[in-house]
Amino acid sequence: MPEDFKVTPWEVTGDIDYDLLMRQFGTSPIDEALLERLSGYGPLHPMLRRGIFYTHRDMAWLLNEYDKGNSFTLYTGRGPSGNTHLGHLMPWIFNKWVQDTFGCDMLFQMTDDEKFLFKDLSLEETGRMAYENALDFVALGFDPKKTKIIVDTKNVRRMYPIALEVAKRTTFSTAKAVFGFDNSTNIGSIFYTTMQSVPAFLPSADAGRQVPVLIPCGIDQDPHFRVTRDAAPHLGYPKPSLIFCKMFPGLNGGDKMSSSDENATIYTTDTPKAVKKKVGRAFTGGRVSVEEQRQLGGNPEVCAVFKYNFYLFEKDDAKLNELADKCRKGEILCGECKMCLTERINVFLEGHQDRREKAKDVVGDMTYDGFEW
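Here's a quick rundown of the structure.

Scoring rules and cut-offs
Residues numbered from 1 in each chain as written. Predicted model: local features only at pLDDT ≥ 70, side-chain atom pairs only at ≥ 80, totals over all residues. Heavy atoms only, no water. Pairing = 2+ DSSP bridges. Helix = DSSP H or I, 4+ residues; strand = E, 2+ residues; numbered from the N terminus. Contact = heavy atoms within 4.5 Å. Axes fitted to C-alpha atoms, helices over the stretch in contact; angles between N-to-C directions. Patch = residues over 30% accessible without salt bridge, like charges linked within 9 Å, V, L, I, M, F, W, Y side chains within 5 Å. Areas by Shrake-Rupley, 256 points an atom, 1.4 Å probe, with all protein chains shown as cover. Salt bridge = Lys/Arg side-chain N within 4 Å of Asp/Glu carboxyl O. Buried < 20%, exposed > 50% of the residue type's maximum accessible area, 1.4 Å probe, protein only. Phe/Tyr/Trp six-rings, centres within 6.5 Å; stacked < 30°, edge-to-face > 60°. Lys NZ or Arg CZ within 6 Å of the ring centre and 35° of its normal.

Read from one edge to the other, the open sheet built from seven strands follows the order β3-β4-β9-β8-β5-β6-β7, with strand pairing classed as mixed. A single partner strand is all that each edge strand has here, and the edge strands are β3 (28-29) and β7 (147-151). Pairing analysis gives six bridges linking strand β5 (residues 73-78) to strand β6 (residues 105-110), with the strands arranged parallel. By the bridge assignment, threonine 73 is partnered in β6 with aspartate 105. Contacting β4 (53-57), β5, β6, β7, β8 (213-218) and β9 (241-245), helix α5 (residues 86-102) crosses the sheet at an angle of about 165 degrees to β5. Where helix α7 (residues 123-139) meets the sheet, its contacts fall on β5, β6 and β7, and the angle it forms with β6 comes to roughly 155 degrees.

Here you go:
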């Protein structure tokens with residue numbers, strides 16, 4: 001992979017060439033034929049229309065199974081190492097659309113063990129963040145009767161036997177090749193990917209029959225699921241299908257919003273004042289002066305403010321195109337765009353924070369095997 005960008009489950013840096021990444025990982029593009037087929041189940045989500053979810057593994061097979069009456073289970077998750085930000089919410093929002101469109105069950109895995117192994121955090125800290133992150137997930141409105149939350153350390157009794165089956169069929173050389181492990185890697189990190197495989201097989205194990213699984217997630221998570229898919233035939237389970245999204249951008253103009261740069265990251269718990277300050281500092285495609293902006297126009301393709309509308313906050317394609325056109329013609333200034341985006345984010349967060357508070361009353365009922373937080 002070229003040295004100007006890096007994509008692993010734990011690190012994303014540089015300017016990502018998503019087409020090259022797709023070829024490197026060996027995934028398939030979401031083409032017009034697949035989009036047309038998906039539109040037959042309901043209106044396409046903007047993230048599909050705009051190519052944000054852009055590549056997949058075995059979506060046609062999954063839809064064939066669904067059409068036969070073999071409903072699939074959704075699986076996604078979160079590594080709880082800090083507060084939830086908009087970049088985490090983006091694929092969850094897409095998962096919510098899939099659940100609403102196909103009426104499927106949902107497993108949401110909180111990998112508190114992963115963050116303990118890969119970061120300088122205690123199990124107490126990762127467990128606390130798992131609860132906080134789960135509130136944000138629940139606040140998005142997933143069907144509580146069809147949705148279960150897994151926390152690895154709390155559901156380990158059910159998960160460990162399946163993880164062992166995966167581990168027995170995954171060699172250290174495979175782990176090194178896929179993840180880049182070396183002699184300094186702790187052995188828990190080497191084992192961990194088998195735990196991330198478990199929810200892909202859990203629906204089949206629980207039902208006593210082969211249940212298809214769809215995993216919508218960031219393209220950076222694909223290495224884990226290559227291991228999962230390799231192990232599946234040996235265990236008698238169907239290979240999970242996957243649909244991958246691009247990274248949600250940071251306000252600093254980077255390709256991925258990162259918790260390591262708090263000033264370029266919008267958290268779900270941010271105040272209106274904090275949002276205004278962060279958006280006010282955002283990288284834009286504007287000119288150095290108002291006069292130049294009016295005369296030469298701006299560049300929405302590199303503008304973080306425009307990208308936020310593209311990825312999440314403007315659902316209407318015609319309005320989005322109009323905004324881009326006005327920017328290029330110099331008919332709108334960066335300050336105006338920042339003010340509008342600030343308002344949109346704060347309206348969204350006001351509602352989300354209210355639902356997040358109410359989620360405390362139901363999050364306990366959505367746990368897999370009924371564990372206590």
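You will see that aspartate 58, though not glycine, has its phi angle at about 60 degrees, which is positive. Mapped onto the elements, aspartate 58 comes out in the loop between β4 and α4 (59-67). Notably, aspartate 369 is not glycine yet its phi reads approximately 65 degrees, a positive angle. By secondary structure assignment, the location of aspartate 369 is in the segment after α16 (334-359).

Take a nonpolar patch on the surface next. Judged by side-chain polarity, Val156, Tyr160 and Leu164 come together as a nonpolar surface patch covering roughly 240 Å² of accessible area. Here leucine 164 is to be found in helix α8 (residues 156-168). With a relative accessible area of 38%, leucine 164 lands in the partly exposed category.

Next up on the list: the packing of aromatic side chains. A full pass over the atoms with the stated rule returns 23 aromatic pairs. Between the aromatic rings of tryptophan 92 and phenylalanine 108, the centroid separation amounts to 5.1 Å while the plane-to-plane angle is 90 degrees, which identifies the pairing as edge-to-face. Linking tryptophan 92 in helix α5 with phenylalanine 108 in strand β6, this pair joins segments that are 16 residues apart in sequence. With a relative accessible area of 2%, tryptophan 92 lands in the buried category. Taken together through their ring pairs, the aromatic side chains of Tyr41, Tyr66, Phe72 and Phe102 make up a single cluster. When the ring centre of phenylalanine 310 is taken as origin, the NZ or CZ atom of arginine 50, which lies over that ring, is 5.8 Å away. Its guanidinium or amino end placed over the ring of tyrosine 54, lysine 246 lies 5.3 Å from that ring's centre, counting from NZ or CZ.

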